[in-house]
There are 2 protein chains.
Amino acid sequence: MTQHIVIVGGGFAGLFAARALKGGDFRVTLLDKHNFHTFQPLLYQVATGALATGDIATPYRQAFRKFPHVTVLMAKAMGIDPARKTVTHEQGEITYDHLFVASGLEHSYFGHDEWQEVSPPLKTLDHALEMRNRIFRAFEQAELTENAEERRKLLTFAVVGAGPTGVELAGQLATLVRYGMKNDFRRVNPADTRVVLVEAGGEVLPAMPPSLREAALRSLEKLGVEVRTGAKVEKITADTLIMRRDGQEDVLETATVLWGAGVKVGGFAAELVNATAAPTDRAGRVTVNADLSVPGHADIFILGDLASIEQDGKFLPGVAPVAIQTGEFAAKLLKARAKGEKDPVFRYKDRGSMAVIGLHHAVGDLGFMRLSGYPAWFIWALVHIMSLIVPEKRFRVFVQWGWKYITRASGDQLITR
Amino acid sequence: MTQHIVIVGGGFAGLFAARALKGGDFRVTLLDKHNFHTFQPLLYQVATGALATGDIATPYRQAFRKFPHVTVLMAKAMGIDPARKTVTHEQGEITYDHLFVASGLEHSYFGHDEWQEVSPPLKTLDHALEMRNRIFRAFEQAELTENAEERRKLLTFAVVGAGPTGVELAGQLATLVRYGMKNDFRRVNPADTRVVLVEAGGEVLPAMPPSLREAALRSLEKLGVEVRTGAKVEKITADTLIMRRDGQEDVLETATVLWGAGVKVGGFAAELVNATAAPTDRAGRVTVNADLSVPGHADIFILGDLASIEQDGKFLPGVAPVAIQTGEFAAKLLKARAKGEKDPVFRYKDRGSMAVIGLHHAVGDLGFMRLSGYPAWFIWALVHIMSLIVPEKRFRVFVQWGWKYITRASGDQLITR
């Protein structure tokens, strides 16, 4: 009998799980509050106007055109009743045989939600558009104002968090003001722009090996990014960022603080944890069984960022390759069980991680080798283009990057709404 | 002595005037509330997800990179004092030697501003995004609902106004549901979608010659668009459009009414008319002198849609070519005067008008010949690509259309914010 798999969330985990269930006796319903999949690793390129929204966002209807076993419903999942095997959403409820929870994590301000007003996060496409608006509005206002102090604040950008998001954002922003804005302004000199990267810990890219951290730091500094490690954010207002460093208060006057730190469990995921009494790790993520199911609930699987998975004594990071592999594993598992075969064993294959820092600079740890500089950048670009979900996006991003590479043309620096 | 020309509005008229002042002894300040020029004739393609925002919107900073005589300020012009020769904006005021008013017209609901809530207009890029959201949200909700009557309403789209905007929008929407959504839905059949084009007058494209009106009507009907002429809109609510036809009330149940009718003088233009006591025509547009200046104000010129210009017994239409030619004329005039030469005479050169109706269908009146069907469509595409403001946009639109033409891939059908 055809099994009904309900998937909550169409990020990498949900999308790859849904696709991988093709060919079995499965009917899939995917619920998502958006009508498109977001290629999250490139969000910062939209936020800085280097790529357009449509370059990295793929409508689910397009992504699943050739997957007739998948029905996509644009609806926010609200709650779950594990006993009745139902998920409720905005417009009704839906019953599952198996549930895949791939709803991911939300941005977090570490208990200071009031900061979001003045410091936008970067987890969704709407966030990226909000960031883009703020960045380019700051430059417009700097060109408009007659007040030198005001202009200085407007040309100072702070990025909070030196993980991949913060590092890539700061690097891209510094590249933009150095290379992408020549001859654009009459009163402002874009080269006067300060980009300050603020990190509470002691290192940039703490998940990378030391040699690459070093290379990343050098690349950032070469681009003119001021890196402040050991700086804990105490307060953010409309025109200041107040940090504490070595016990001292450090005040940065800035009109634009971009938030690249922190994630938390929220929304449907939080409901699920309550309803299933699932065990969680220190970060609130669900500690799953070896088959990725929730302890005590063999029909509910946690995929992607929300799953807390330990392997070789380390927790797997919240990155796209982990999400993809958990999604594909869950599909493989159900297929094996439907055929009465032995359960496959989940094991994450780490193909390395990379971060790009401005034009022609990246750092990459591919496991068998470590790269930095131009070769890393080239491989980074190649890997990202190949990873895009549909051929149309690969073609578009290739064309956009190619065109920009040749012409140094600026991208979609539009302030909308 | 260098003259300071202030231009309000960076549409076709303002942009071409600013560029054409290059090479003279002029300093130009262009004020606009947006940071980008919008290629208005293709807005309906963004509204229907066929093109991306960045394909038709060009940041002014990019458009004027090679025009160092132009300073662009992103600020809304608020008022004018002709005696002091100043324009006030959000953040201060600015003094001019000559003022070019190219702020265009606003959308109008003929005294029913409350309709905007339920029936978005299509004059700006934000409007196009709002329309895009509504169109694709209607399809998503149709897929989600279990209620057949609700689904029928959601799959009924009304377009008000059968001028170029309404006709192109209706044609594009009908093309989308017929060719662009195959295999996209599991519960909805996009071919069940109704597109109803509502026009108070007796004809579609009333400004076109009768033979082309006929051709346009045939093309629309072939695409399945229901054309209702002689239908005056009486009321629009969230799920009905009430019209009066031949004295009878005609109620259409529809969740999406798109507004393609009506323009009016508003905002800065209305302030200007008050402050200068400018004579206006029946539509409220400024009746200008032969040199496009405001009677009694030799230093204020009206360019583009806001100018009421009679030529050979007919008023010039509010289209891009008229706007461009008024802009170029005003620049030429000031250059001639600066050199002590005789005033040039403004005369609009009509190179024809075109409207596209779905895939491979268009109608065009080029003056010396009339075209319809495939040849008109081909010339339309060529003309529009060549008219885009910067090479980057030409390249992007060419690539997007080409790719879509070959693959039938859908475009940027994203629901953001």
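Scroll up to find the structure this text is about.
Residues numbered from 1 in each chain as written. Chains lettered and ligands numbered in written order. Predicted model: local features only at pLDDT ≥ 70, side-chain atom pairs only at ≥ 80, totals over all residues. Heavy atoms only, no water.

(A) Seen up close, helix α1 (residues 12-20) of chain A. Counting buried positions along α1 of chain A yields eight of nine residues, so the element is predominantly enclosed. Taken together, the buried positions of α1 of chain A are occupied by F12, A13, G14, L15, F16, A17, A18 and R19 of chain A. (Buried < 20%, exposed > 50% of the residue type's maximum accessible area, 1.4 Å probe, protein only. Helix = DSSP H or I, 4+ residues; strand = E, 2+ residues; numbered from the N terminus.)

(B) A look at the sheet that holds strand β25 (residues 353-356) of chain A. All names here are of chain A. An order of β25-β26-β27 is seen for the three strands of this open sheet, with the pairing classed as antiparallel. Since the sheet does not close on itself, it has two edges, and those belong to β25 and β27 (370-373), each with one partner. Strand after strand, the sheet turns through a mean of 5 degrees between neighbouring axes, direction not considered. With four bridges connecting them, strand β26 (residues 362-365) and β27 associate as antiparallel partners. Directly across from A362, in β27, lies its bridge partner G373. Relative to the sheet, helix α11 (residues 374-387) contacts β25, β26 and β27, its axis offset from that of β27 by approximately 100 degrees. (Pairing = 2+ DSSP bridges. Axes fitted to C-alpha atoms, helices over the stretch in contact; angles between N-to-C directions. Contact = heavy atoms within 4.5 Å.)

(C) Structural view of the sheet that holds strand β6 (residues 77-81) of chain A. Residue and element names in this part refer to chain A. The strand order across the open sheet built from three strands is β6-β7-β8, with neighbouring strands paired in antiparallel fashion. Of all the strands in the sheet, the pair left with one neighbour each is β6 and β8 (92-95). Each strand of the sheet is rotated relative to its neighbour by a mean of 25 degrees, with strand direction disregarded. The pairing of strand β7 (residues 86-89) with β8 spans four bridges and is classified as antiparallel. Considered in β8, the bridge of T86 is made with T95. The sheet strands contacting helix α9 (residues 267-276) are β6 and β7, and the helix crosses β6 at an angle near 10 degrees.

(D) How the structure looks around the packing of α1 of chain A against helix α10 (residues 320-338) of chain A. All names here are of chain A. Close contact between α1 and α10 brings their axes to 7 Å; oriented N to C, the two are set at 30 degrees. Taken together, the axes of α1 and α10 are roughly parallel relative to one another. For the element pair α1 and α10, the recorded crossing hand is right-handed. Contacts between α1 and α10 involve F12, A13, F16, A17 and A20 from the first element and A320, A323, I324, T326, G327, E328, A331 and K335 from the second. A breakdown of the residues in the contact of α1 with α10 according to their chemical character gives nine nonpolar, two polar and two charged. (Parallel < 35°, antiparallel > 145°, perpendicular 65-115°, else oblique. Left-handed = near helix turned anticlockwise from the far one by under 90°. Nonpolar A, V, L, I, M, F, W, Y, C, P; charged D, E, K, R; others polar.)

(E) Quick look at the environment of G49 of chain B. By the element assignment, G49 of chain B lies in the loop between α2 (43-47) and α3 (53-56). For the pair G49 of chain B and K232 of chain B, spaced 183 residues apart in sequence, the C-alpha separation works out to 29 Å.

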